[in-house]
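One letter stands for each residue in the lines below.
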Amino acid sequence: MFQRHILSDILYREVTASVTFNNDYNTIRDIWDATDAVYNALPSKDKVDWMVSFIPQAQIQQTYAAKRGGNSLGLTDVPDQIGESSISRLVLYANFSMQLFG
Amino acid sequence: MEGARQQFVDESVAVAQKYGTYYPFLYINYAAPFQNPLCGYGSDSVEFLKTTAAKYDPNGVFQTLMPGGFKVGNLTCA
């Protein structure tokens, strides 16, 4: 399943995905290398827009948890993120977006 | 495209599990249709979502007629 968009005269399709992990250099590096290999193995890169980004857990999730109670990750068996600065925040999202134009 | 997306998920999860850094929580804004971000909110939150949906949408309009997104109606978490 993919989303189909029409932006003015440009038609493109987009697929996305996300994986969450603890902030760790080796993990970041190996995910980067692995996704690089996936891109390089694409049968065609023409009109492909490929993006992999790493972002820390959103502050709003921590704010919500702080107000309503509960772990900001919704998990009881991992450390909470509340109070962590964005730089030292434990959890990162690896977000994937691939757009195919035309 | 679907193959590339599945590969991204499989490879990234494998890496995170290899280093013991994998978290089951998923960022819903980017989650793929085959991923299950609602369960990542925790059992209490899932129950709250189901109760709220049942209260304000007893006929399941948003569970059955609204296309796309992730639905709580038939959600089953491990």
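We now turn to the structure provided with this report. The shown structure was predicted, so the numbers you read here are calculated from the model rather than taken from an experiment.

Rules used throughout
Residues numbered from 1 in each chain as written. Chains lettered and ligands numbered in written order. Predicted model: local features only at pLDDT ≥ 70, side-chain atom pairs only at ≥ 80, totals over all residues. Heavy atoms only, no water. Contact = heavy atoms within 4.5 Å. Buried area = accessible area lost by both parts, 1.4 Å probe. Salt bridge = Lys/Arg side-chain N within 4 Å of Asp/Glu carboxyl O. Polar contact = N/O pair within 3.5 Å; in protein donor to acceptor, adjacent residues only side chain to side chain. Nonpolar A, V, L, I, M, F, W, Y, C, P; charged D, E, K, R; others polar. Pairing = 2+ DSSP bridges. Helix = DSSP H or I, 4+ residues; strand = E, 2+ residues; numbered from the N terminus. Core = buried A, V, L, I, M, F, W, Y, C linked by side-chain atoms within 4.5 Å. Buried < 20%, exposed > 50% of the residue type's maximum accessible area, 1.4 Å probe, protein only. Phe/Tyr/Trp six-rings, centres within 6.5 Å; stacked < 30°, edge-to-face > 60°. Lys, Arg positive; Asp, Glu negative; His and termini not counted.

## Description of the interface of chain A and chain B
Inference 1: At the junction of the two partners, chain A supplies 41 residues and chain B supplies 29 residues.
Inference 2: Here chain A meets chain B over a buried area of about 3000 Å², counting both sides, of which 71% is carbon and sulfur.
Inference 3: For the pair chain A and chain B, the interface holds one salt bridge.
Inference 4: The salt bridge partner of B:Lys18 is A:Asp30, with a shortest N-O separation of 3.5 Å.
Inference 5: For the pair chain A and chain B, the interface holds eleven residue pairs in polar contact (both at pLDDT 80 or more).
Inference 6: For the side of chain A that touches chain B, the class distribution of residues is 24 nonpolar, twelve polar and five charged.
Inference 7: Direction of pairing for strand 2 (residues 10-22) of chain A relative to strand 1 (residues 22-23) of chain B: antiparallel, over a ladder of two bridges. Considered in strand 1 of chain B, the bridge of A:Phe21 is made with B:Tyr22.

## A few points about the nonpolar core
Inference 1: In terms of nonpolar packing, the biggest core is built from 22 residues, with A:Trp50, A:Phe96, A:Met98 and B:Phe8 touching the most fellow members.
Inference 2: Mapped by element, the contributors of at least two residues to this core are strand 2, helix 1 (25-40), strand 3 (48-56) and strand 4 (91-101) of chain A together with helix 1 (2-18) of chain B.
Inference 3: Here the element with the most residues in this core is helix 1 of chain B; it accounts for six residues.
Inference 4: In this view, B:Phe8 contacts A:Ala17, A:Ser18, A:Val19, A:Thr35, A:Val52, A:Ala94, A:Asn95 and A:Phe96; residues no more than four positions away in its chain are not counted.

## Remarks on unusual backbone geometry
Inference 1: Even without glycine at this site, A:Lys47 takes up a positive phi of about 65 degrees.
Inference 2: Position of A:Lys47 relative to the elements: it lies in the loop between helix 1 and strand 3.

## Regarding the packing of aromatic side chains
Inference 1: Going through the model one piece at a time under the given rule, you end up with nine aromatic pairs over all chains.
Inference 2: Centre to centre, the rings of A:Phe96 and B:Phe8 are 5.0 Å apart; their planes meet at 20 degrees, and the pair counts as stacked. Here A:Phe96, found in strand 4, pairs with B:Phe8, found in helix 1, and the two come from separate chains. Of the two residues, A:Phe96 and B:Phe8, both sit in the buried class.

## Topic: the side chain of A:Glu14
Inference 1: Looking at where A:Glu14 falls in the secondary structure, it is placed in strand 2.
Inference 2: Of the side chains with opposite charge, B:Arg5 lies nearest to the buried A:Glu14, which makes no salt bridge, at 8.8 Å.
Inference 3: Polar contacts involving the side chain of A:Glu14 include one to the side chain of A:Ser97, which spans 3.0 Å.
Inference 4: Within polar-contact distance, the side chain of A:Glu14 engages the side chain of A:Gln99 at 3.3 Å.

## Considering the pairing of strand 4 of chain A
Residues and elements named next belong to chain A.
Inference 1: The buried fraction of strand 4 amounts to ten of the eleven residues, a majority that puts the element mostly inside the structure.
Inference 2: Pairing analysis gives eleven bridges linking strand 2 to strand 4, with the strands arranged antiparallel. Residue Thr 20 lies in a different strand from strand 4, and its bridge partner there is Tyr 93.
Inference 3: Relative to strand 4, strand 3 runs antiparallel, the two sharing nine bridges. Among the inter-strand pairings, Met 51 is bridged to a residue of strand 4, identified as Ser 97.

## Quick look at the side chain of A:Ser53
Inference 1: By secondary structure assignment, the location of A:Ser53 is in strand 3.
Inference 2: Among the residues examined, A:Ser53 registers a relative accessible area of 19% and is labelled buried.

## So, the pattern of salt bridges
Inference 1: The full count for this structure, using the stated rule, is three salt bridges over all chains.
Inference 2: The salt bridge partner of A:Arg29 is A:Asp30, with a shortest N-O separation of 3.0 Å.
Inference 3: A relative accessible area of 31% places A:Arg29 in the partly exposed class.
Inference 4: Among the residues examined, A:Asp30 registers a relative accessible area of 15% and is labelled buried.
Inference 5: As a salt-bridge pair, B:Glu2 and B:Arg5 come within 2.9 Å of each other at their nearest N and O atoms. In this pair, B:Glu2 and B:Arg5 are both assigned in helix 1, three residues apart and thus about one turn of the helix distant.
Inference 6: B:Glu2 gets classed as partly exposed once you look at its relative accessible area, which sits at 31%.
Inference 7: Relative accessible area serves as the criterion here: at 3%, B:Arg5 is assigned to the buried category.
Inference 8: Among the charged side chains, a network of salt bridges with common partners joins A:Arg29, A:Asp30 and B:Lys18.

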